[in-house]
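Residue-level structure breakdown
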Amino acid sequence: MEPHRAIDIQELRKTYREGIFRRRRQQALRGVSLAVQPGEVFGLLGPNGAGKTTLIKILLGIVHKSGGTASLLGHPAGSQISRSRVGYLPENLRVARHHTARTALNFYGRLSRMSTQQIARRSDELLELVGLRQRDRESVRGFSKGMGQRLGLAQALLHDPDLLILDEPTDGLDPLGRSQVRDIINELKGQGKTIFLNSHILQEVEMICDRFAILAQGELKAIGSIDDLRGSNGEASATMVVSSFSTMAAEKLTQTDVAVTTEAIQPDLSRLRIDKCPQADLDRVVDLLRSEGASIHQIQRGSSTLEQIFLSLVQPQPPESL
Ligand SMILES: Nc1ncnc2c1ncn2[C@@H]1O[C@H](COP(=O)(O)OP(=O)(O)OP(=O)(O)O)[C@@H](O)[C@H]1O
(Lines give C-alpha, C1' and ligand atoms only; values in the text may rest on other atoms or scores of the structure.)
Protein backbone atom coordinates (compact mmCIF):
# COMPACT_ATOMS: atom_id res chain seq x y z
CA MET A 1 0.00 0.00 0.00
CA GLU A 2 1.28 3.48 -0.88
CA PRO A 3 2.13 5.64 2.15
CA HIS A 4 -0.23 8.56 2.65
CA ARG A 5 0.81 11.99 1.50
CA ALA A 6 2.01 14.08 4.42
CA ILE A 7 -0.25 16.91 3.26
CA ASP A 8 -2.95 16.63 0.63
CA ILE A 9 -4.96 19.71 -0.27
CA GLN A 10 -7.52 19.72 -3.05
CA GLU A 11 -9.41 22.80 -4.28
CA LEU A 12 -9.15 24.41 -0.85
CA ARG A 13 -11.25 27.54 -0.46
CA LYS A 14 -11.71 30.01 2.36
CA THR A 15 -13.96 33.05 2.33
CA TYR A 16 -13.96 35.23 5.43
CA ARG A 17 -17.17 37.15 6.08
CA GLU A 18 -16.86 40.52 7.75
CA GLY A 19 -18.98 43.51 8.69
CA ILE A 20 -22.10 43.85 10.85
CA PHE A 21 -24.20 41.43 8.77
CA ARG A 22 -21.13 39.48 7.64
CA ARG A 23 -21.88 40.68 4.13
CA ARG A 24 -18.36 41.72 3.22
CA ARG A 25 -16.49 38.76 1.78
CA GLN A 26 -12.75 38.27 1.65
CA GLN A 27 -11.61 35.34 -0.46
CA ALA A 28 -8.38 34.22 1.20
CA LEU A 29 -8.00 30.90 -0.68
CA ARG A 30 -9.50 30.38 -4.13
CA GLY A 31 -9.22 26.66 -4.89
CA VAL A 32 -5.66 25.71 -3.89
CA SER A 33 -4.42 22.16 -4.58
CA LEU A 34 -1.04 20.86 -3.46
CA ALA A 35 0.56 17.72 -2.06
CA VAL A 36 3.58 17.27 0.18
CA GLN A 37 5.28 13.85 0.25
CA PRO A 38 6.59 12.21 3.46
CA GLY A 39 10.18 13.27 4.21
CA GLU A 40 10.05 16.48 2.16
CA VAL A 41 11.02 19.94 3.37
CA PHE A 42 8.40 22.10 1.69
CA GLY A 43 8.27 25.91 1.60
CA LEU A 44 5.06 27.92 1.32
CA LEU A 45 5.83 31.36 -0.09
CA GLY A 46 3.78 34.39 -0.92
CA PRO A 47 3.51 38.13 -0.37
CA ASN A 48 1.51 39.62 2.54
CA GLY A 49 -2.14 38.68 2.32
CA ALA A 50 -1.50 35.74 -0.05
CA GLY A 51 -3.35 33.29 2.22
CA LYS A 52 -0.40 31.44 3.80
CA THR A 53 -1.53 31.81 7.43
CA THR A 54 -5.09 30.89 6.49
CA LEU A 55 -3.84 27.70 4.81
CA ILE A 56 -1.72 26.76 7.84
CA LYS A 57 -4.61 27.49 10.24
CA ILE A 58 -6.90 25.21 8.20
CA LEU A 59 -4.28 22.44 8.34
CA LEU A 60 -4.13 22.81 12.13
CA GLY A 61 -7.93 22.95 12.50
CA ILE A 62 -7.86 26.51 13.87
CA VAL A 63 -9.87 27.92 10.94
CA HIS A 64 -12.73 26.16 9.12
CA LYS A 65 -12.43 25.82 5.36
CA SER A 66 -15.23 27.03 3.09
CA GLY A 67 -14.69 24.30 0.50
CA GLY A 68 -12.37 21.62 -0.85
CA THR A 69 -10.47 19.02 1.18
CA ALA A 70 -7.35 19.01 3.34
CA SER A 71 -5.76 15.99 4.98
CA LEU A 72 -2.60 15.37 6.98
CA LEU A 73 -0.97 11.92 6.94
CA GLY A 74 -4.21 10.46 5.58
CA HIS A 75 -6.50 12.04 8.22
CA PRO A 76 -8.79 15.05 7.82
CA ALA A 77 -7.06 18.31 8.81
CA GLY A 78 -8.14 19.38 12.30
CA SER A 79 -9.11 15.85 13.42
CA GLN A 80 -7.71 14.71 16.75
CA ILE A 81 -5.56 12.00 15.16
CA SER A 82 -4.00 14.38 12.64
CA ARG A 83 -3.31 16.94 15.40
CA SER A 84 -1.58 14.27 17.48
CA ARG A 85 0.91 13.64 14.67
CA VAL A 86 1.69 17.26 13.87
CA GLY A 87 4.10 19.62 15.67
CA TYR A 88 3.57 23.34 15.25
CA LEU A 89 5.93 26.24 15.81
CA PRO A 90 3.90 29.46 15.69
CA GLU A 91 5.48 32.73 14.62
CA ASN A 92 6.82 34.42 17.78
CA LEU A 93 6.07 31.68 20.30
CA ARG A 94 6.22 33.37 23.71
CA VAL A 95 7.36 31.12 26.53
CA ALA A 96 6.33 32.51 29.95
CA ARG A 97 9.32 34.32 31.42
CA HIS A 98 9.44 32.39 34.69
CA HIS A 99 10.40 29.18 32.83
CA THR A 100 13.74 27.58 32.12
CA ALA A 101 14.07 25.54 28.92
CA ARG A 102 13.46 22.37 30.93
CA THR A 103 10.43 23.58 32.90
CA ALA A 104 8.94 24.98 29.67
CA LEU A 105 9.21 21.57 27.98
CA ASN A 106 7.71 19.99 31.10
CA PHE A 107 4.78 22.43 30.87
CA TYR A 108 4.17 21.79 27.14
CA GLY A 109 4.59 18.03 27.61
CA ARG A 110 1.90 18.00 30.30
CA LEU A 111 -0.38 19.98 27.99
CA SER A 112 0.11 17.14 25.46
CA ARG A 113 -0.71 14.63 28.25
CA MET A 114 2.72 13.02 28.16
CA SER A 115 3.93 11.10 31.22
CA THR A 116 6.68 12.54 33.47
CA GLN A 117 9.10 9.84 32.25
CA GLN A 118 8.28 10.49 28.59
CA ILE A 119 8.78 14.23 29.08
CA ALA A 120 12.13 13.74 30.84
CA ARG A 121 13.42 11.39 28.11
CA ARG A 122 12.26 13.53 25.18
CA SER A 123 13.52 16.73 26.86
CA ASP A 124 17.03 15.27 27.14
CA GLU A 125 17.05 14.27 23.46
CA LEU A 126 15.54 17.51 22.23
CA LEU A 127 17.63 19.88 24.36
CA GLU A 128 20.66 18.10 22.90
CA LEU A 129 19.29 18.40 19.35
CA VAL A 130 18.61 22.13 19.64
CA GLY A 131 21.88 22.86 21.48
CA LEU A 132 20.35 23.94 24.81
CA ARG A 133 21.38 20.97 26.97
CA GLN A 134 24.10 22.96 28.76
CA ARG A 135 21.74 25.89 29.44
CA ASP A 136 18.57 24.00 30.30
CA ARG A 137 18.33 25.40 33.84
CA GLU A 138 18.74 29.08 32.95
CA SER A 139 15.75 31.39 32.91
CA VAL A 140 14.39 31.98 29.39
CA ARG A 141 14.45 35.69 30.32
CA GLY A 142 18.12 35.75 29.34
CA PHE A 143 17.61 33.83 26.07
CA SER A 144 18.50 35.35 22.69
CA LYS A 145 15.86 35.28 19.94
CA GLY A 146 17.73 32.33 18.38
CA MET A 147 17.74 30.35 21.63
CA GLY A 148 14.01 31.07 22.06
CA GLN A 149 13.34 29.81 18.55
CA ARG A 150 15.37 26.64 19.16
CA LEU A 151 13.38 26.05 22.36
CA GLY A 152 10.22 26.57 20.27
CA LEU A 153 11.40 23.85 17.89
CA ALA A 154 11.99 21.50 20.83
CA GLN A 155 8.44 22.29 22.04
CA ALA A 156 7.02 21.43 18.59
CA LEU A 157 8.92 18.13 18.58
CA LEU A 158 8.09 16.94 22.12
CA HIS A 159 5.40 14.41 21.18
CA ASP A 160 7.60 13.09 18.34
CA PRO A 161 5.34 14.23 15.47
CA ASP A 162 5.82 12.96 11.90
CA LEU A 163 4.97 16.33 10.38
CA LEU A 164 6.24 19.73 11.53
CA ILE A 165 4.58 22.98 10.54
CA LEU A 166 6.86 25.95 11.11
CA ASP A 167 5.63 29.52 10.75
CA GLU A 168 8.53 31.84 9.83
CA PRO A 169 11.12 29.71 11.69
CA THR A 170 14.09 31.98 10.95
CA ASP A 171 12.32 35.36 11.04
CA GLY A 172 14.16 37.93 13.14
CA LEU A 173 17.23 35.74 13.71
CA ASP A 174 20.81 36.83 13.04
CA PRO A 175 22.91 34.84 10.50
CA LEU A 176 24.25 32.49 13.21
CA GLY A 177 20.76 31.85 14.60
CA ARG A 178 19.45 31.19 11.07
CA SER A 179 22.21 28.74 10.32
CA GLN A 180 21.57 26.88 13.62
CA VAL A 181 17.86 26.56 12.79
CA ARG A 182 18.78 25.40 9.26
CA ASP A 183 21.06 22.73 10.72
CA ILE A 184 18.27 21.49 13.01
CA ILE A 185 15.84 21.31 10.07
CA ASN A 186 18.41 19.30 8.08
CA GLU A 187 18.91 16.98 11.04
CA LEU A 188 15.13 16.47 11.32
CA LYS A 189 14.89 15.77 7.59
CA GLY A 190 17.62 13.14 8.12
CA GLN A 191 15.38 11.56 10.77
CA GLY A 192 12.61 11.26 8.15
CA LYS A 193 10.35 14.07 9.40
CA THR A 194 8.24 16.04 6.94
CA ILE A 195 8.62 19.78 7.32
CA PHE A 196 6.21 22.38 5.98
CA LEU A 197 7.37 25.93 6.50
CA ASN A 198 6.23 29.40 5.66
CA SER A 199 8.79 32.15 5.19
CA HIS A 200 9.47 35.53 3.66
CA ILE A 201 13.23 35.01 3.55
CA LEU A 202 13.61 33.57 0.07
CA GLN A 203 17.38 32.93 0.08
CA GLU A 204 16.88 31.04 3.31
CA VAL A 205 14.02 28.96 1.95
CA GLU A 206 15.98 28.20 -1.22
CA MET A 207 18.73 26.69 0.95
CA ILE A 208 16.43 24.61 3.17
CA CYS A 209 13.54 23.35 1.03
CA ASP A 210 13.24 20.53 -1.51
CA ARG A 211 10.10 22.02 -3.09
CA PHE A 212 8.12 25.23 -2.91
CA ALA A 213 4.61 26.52 -3.54
CA ILE A 214 4.12 30.17 -4.44
CA LEU A 215 0.74 31.61 -3.41
CA ALA A 216 -0.56 35.03 -4.39
CA GLN A 217 -4.04 36.46 -3.83
CA GLY A 218 -5.29 33.09 -2.67
CA GLU A 219 -4.17 31.24 -5.81
CA LEU A 220 -1.33 28.82 -6.40
CA LYS A 221 1.03 30.44 -8.89
CA ALA A 222 3.67 27.70 -9.06
CA ILE A 223 4.78 24.51 -7.34
CA GLY A 224 7.89 22.37 -7.63
CA SER A 225 11.62 22.16 -7.01
CA ILE A 226 13.83 25.11 -7.93
CA ASP A 227 14.65 23.35 -11.22
CA ASP A 228 10.93 22.78 -11.96
CA LEU A 229 10.23 26.46 -11.24
CA ARG A 230 13.12 27.59 -13.41
CA GLY A 231 11.80 25.35 -16.21
CA SER A 232 8.24 26.64 -16.00
CA ASN A 233 9.33 30.21 -15.51
CA GLY A 234 11.51 30.53 -18.60
CA GLU A 235 15.18 30.61 -19.36
CA ALA A 236 18.29 31.65 -17.50
CA SER A 237 19.17 35.30 -16.99
CA ALA A 238 21.93 37.07 -18.95
CA THR A 239 24.26 39.84 -17.79
CA MET A 240 26.52 41.74 -20.24
CA VAL A 241 29.22 44.32 -19.71
CA VAL A 242 29.48 46.64 -22.75
CA SER A 243 31.35 49.81 -23.72
CA SER A 244 30.41 52.43 -26.32
CA PHE A 245 26.75 51.87 -25.39
CA SER A 246 25.16 54.81 -27.20
CA THR A 247 21.87 56.54 -26.44
CA MET A 248 20.67 55.31 -29.84
CA ALA A 249 21.45 51.67 -28.87
CA ALA A 250 19.59 52.18 -25.58
CA GLU A 251 16.61 53.69 -27.45
CA LYS A 252 16.51 50.81 -29.95
CA LEU A 253 16.65 48.26 -27.10
CA THR A 254 13.51 49.78 -25.56
CA GLN A 255 11.73 49.24 -28.92
CA THR A 256 12.31 45.46 -28.74
CA ASP A 257 10.09 43.23 -26.60
CA VAL A 258 13.11 42.11 -24.54
CA ALA A 259 13.13 43.69 -21.06
CA VAL A 260 16.69 44.90 -20.49
CA THR A 261 17.79 46.82 -17.40
CA THR A 262 20.90 48.95 -17.77
CA GLU A 263 23.27 50.45 -15.25
CA ALA A 264 26.38 52.60 -15.81
CA ILE A 265 29.26 51.02 -13.87
CA GLN A 266 32.15 53.21 -15.13
CA PRO A 267 32.30 56.26 -17.40
CA ASP A 268 32.23 54.16 -20.60
CA LEU A 269 31.09 50.83 -19.26
CA SER A 270 27.51 49.66 -18.75
CA ARG A 271 25.98 46.50 -17.29
CA LEU A 272 22.91 45.15 -19.09
CA ARG A 273 20.71 42.54 -17.45
CA ILE A 274 17.92 40.41 -18.92
CA ASP A 275 16.01 38.38 -16.30
CA LYS A 276 14.34 35.72 -18.43
CA CYS A 277 16.40 35.32 -21.54
CA PRO A 278 15.95 32.58 -24.14
CA GLN A 279 18.95 32.23 -26.47
CA ALA A 280 17.04 33.85 -29.36
CA ASP A 281 16.48 37.04 -27.30
CA LEU A 282 20.14 37.12 -26.27
CA ASP A 283 21.19 36.77 -29.95
CA ARG A 284 18.90 39.66 -30.95
CA VAL A 285 20.28 41.92 -28.22
CA VAL A 286 23.88 41.06 -29.14
CA ASP A 287 23.16 41.74 -32.87
CA LEU A 288 21.53 45.06 -32.06
CA LEU A 289 24.39 46.16 -29.79
CA ARG A 290 27.02 45.21 -32.37
CA SER A 291 25.17 46.99 -35.20
CA GLU A 292 25.06 50.12 -33.01
CA GLY A 293 28.84 50.03 -32.46
CA ALA A 294 28.88 48.74 -28.84
CA SER A 295 31.70 46.42 -27.70
CA ILE A 296 30.72 43.43 -25.59
CA HIS A 297 33.35 42.65 -22.95
CA GLN A 298 31.56 39.95 -21.03
CA ILE A 299 28.39 37.83 -21.23
CA GLN A 300 27.34 35.74 -18.27
CA ARG A 301 24.41 33.34 -18.16
CA GLY A 302 22.94 32.56 -14.77
CA SER A 303 20.10 30.46 -13.40
CA SER A 304 17.23 32.43 -11.88
CA THR A 305 17.21 32.52 -8.10
CA LEU A 306 14.06 31.67 -6.17
CA GLU A 307 13.71 35.39 -5.45
CA GLN A 308 13.77 36.29 -9.17
CA ILE A 309 11.21 33.58 -9.95
CA PHE A 310 9.03 34.76 -7.06
CA LEU A 311 9.13 38.37 -8.23
CA SER A 312 8.28 37.40 -11.80
CA LEU A 313 5.22 35.41 -10.64
CA VAL A 314 3.88 37.74 -7.98
CA GLN A 315 2.40 40.98 -9.20
CA PRO A 316 3.16 43.97 -6.97
CA GLN A 317 0.09 45.03 -4.99
CA PRO A 318 -1.13 48.62 -4.97
CA PRO A 319 -0.10 50.18 -1.61
CA GLU A 320 -3.67 50.44 -0.24
CA SER A 321 -4.18 46.66 -0.48
CA LEU A 322 -1.01 45.81 1.44
N1 LIG B 1 -9.95 36.64 10.45
C2 LIG B 1 -10.01 37.24 9.26
N3 LIG B 1 -11.12 37.95 8.91
C4 LIG B 1 -11.20 38.55 7.71
N5 LIG B 1 -10.24 38.51 6.76
C6 LIG B 1 -9.10 37.85 7.06
C7 LIG B 1 -8.93 37.17 8.32
N8 LIG B 1 -7.71 36.59 8.33
C9 LIG B 1 -7.14 36.88 7.14
N10 LIG B 1 -7.97 37.62 6.38
C11 LIG B 1 -7.72 38.12 5.01
O12 LIG B 1 -7.44 37.00 4.19
C13 LIG B 1 -6.38 37.30 3.27
C14 LIG B 1 -5.23 36.31 3.48
O15 LIG B 1 -4.68 36.55 4.76
P16 LIG B 1 -3.53 35.64 5.40
O17 LIG B 1 -3.26 36.17 6.77
O18 LIG B 1 -3.92 34.22 5.28
O19 LIG B 1 -2.30 35.97 4.43
P20 LIG B 1 -0.74 35.72 4.63
O21 LIG B 1 -0.24 35.22 3.31
O22 LIG B 1 -0.50 34.86 5.81
O23 LIG B 1 -0.19 37.18 4.90
P24 LIG B 1 1.06 37.65 5.86
O25 LIG B 1 2.31 37.24 5.15
O26 LIG B 1 0.89 39.14 5.89
O27 LIG B 1 0.88 37.01 7.21
C28 LIG B 1 -5.98 38.74 3.52
O29 LIG B 1 -6.66 39.56 2.61
C30 LIG B 1 -6.48 38.99 4.94
O31 LIG B 1 -6.83 40.34 5.11
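Computed from a predicted structure; not experimentally measured.

**Here we look at the packing of helix α9 (residues 247-254) against helix α10 (residues 279-291)**
- Packing of α9 against α10 leaves a shortest axis separation of 9 Å and a crossing angle of 150 degrees. One way to sum up the angle between α9 and α10 is to call them roughly antiparallel. Here the hand of the crossing between α9 and α10 comes out right-handed. Contact with α9, carried on its side by A249, K252 and L253, involves V285, L288 and L289 of α10 and no other residues of that element.
- Counted by class, the contact of α9 with α10 contains 5 nonpolar, no polar and 1 charged residues.

**Describing the layout of surface pockets**
- Empty space within the largest pocket amounts to approximately 650 Å³.
- Lining the largest pocket we find 17 residues, and of these R83, V86, Y88, S112 and H159 sit closest to its centre.
- Residue assignment for the lining of the largest pocket shows that the elements contributing at least two residues are α2 (80-84), β6 (86-89) and α3 (101-111).
- Its residues placed into classes, the lining of the largest pocket shows 8 nonpolar, 7 polar and 2 charged.

**Some details on the packing of α3 against helix α4 (residues 116-129)**
- Packing of α3 against α4 leaves a shortest axis separation of 10 Å and a crossing angle of 130 degrees. The orientation of α3 relative to α4 falls into the category oblique. Between α3 and α4 the crossing geometry is right-handed. Listed contacts from α4 to A101, R102, L105, N106, G109 and R110 of α3 are I119, A120, S123, D124 and L127.
- Partitioning the contact of α3 with α4 into residue classes produces 5 nonpolar, 3 polar and 3 charged.

**Quick look at the site of the ligand**
- What surrounds the ligand is a group of 13 residues, the closest being G49, G51, K52, T53 and T54.
- Within the backbone of A50, an N or O atom sits 3.0 Å from an oxygen atom of the ligand.
- H200 has a polar side-chain atom sitting 3.4 Å from an oxygen atom of the ligand.
- Protein chains bury 64% of the 630 Å² of accessible surface belonging to the ligand in isolation.

**Description of the sheet that holds strand β14 (residues 295-302)**
- Strand order in this open sheet of 4 strands is β12-β13-β11-β14, and the pairing throughout is antiparallel. Of all strands in the sheet, those bounded by a partner on one side alone are β12 (260-266) and β14. Strand-to-strand twist of the sheet, defined as the mean angle between neighbouring strand axes without regard to direction, takes the value 20 degrees.
- Here 6 bridges tie β12 to strand β13 (residues 269-274), and the two strands are oriented antiparallel to one another. By the bridge assignment for β13, V260 is matched with I274.

**Comments concerning the environment of L29**
- One can find L29 in strand β2 (residues 24-36).
- For L29, a relative accessible area of 0% gives the class buried.
- Separated by 135 residues in the primary sequence, L29 and L164 place their C-alpha atoms 22 Å from one another.

**Brief notes about the pairing of strand β4 (residues 67-72)**
- In terms of strand pairing, strand β1 (residues 7-18) meets β4 through 5 bridges, oriented antiparallel. Considered in β4, the bridge of Q10 is made with T69.
- Two strands pair when backbone bridges link them, and β4 and strand β5 (residues 75-76) are joined in this way by 2 bridges, in the antiparallel orientation. Within the sheet, the bridge partner assigned to S71 lies in β5 and is P76.
- Hairpin connection between β4 and β5: a loop of 2 residues separates the two successive antiparallel strands, and L73 in this loop has a positive phi of roughly 50 degrees.

The rules behind these values
Residues numbered from 1 in each chain as written. Predicted model: local features only at pLDDT ≥ 70, side-chain atom pairs only at ≥ 80, totals over all residues. Heavy atoms only, no water. Axes fitted to C-alpha atoms, helices over the stretch in contact; angles between N-to-C directions. Helix = DSSP H or I, 4+ residues; strand = E, 2+ residues; numbered from the N terminus. Parallel < 35°, antiparallel > 145°, perpendicular 65-115°, else oblique. Left-handed = near helix turned anticlockwise from the far one by under 90°. Contact = heavy atoms within 4.5 Å. Nonpolar A, V, L, I, M, F, W, Y, C, P; charged D, E, K, R; others polar. 1 Å grid on protein atoms, 1.4 Å probe; cavity = no way out; pocket = protein on both sides within 12 Å on 5 of 7 lines; lining within 4 Å. Points joined across faces, edges and corners; volume = space filled by probe spheres on them. Near = heavy atom within 4 Å. Polar contact = N/O pair within 3.5 Å; in protein donor to acceptor, adjacent residues only side chain to side chain. Areas by Shrake-Rupley, 256 points an atom, 1.4 Å probe, with all protein chains shown as cover. Pairing = 2+ DSSP bridges. Buried < 20%, exposed > 50% of the residue type's maximum accessible area, 1.4 Å probe, protein only.

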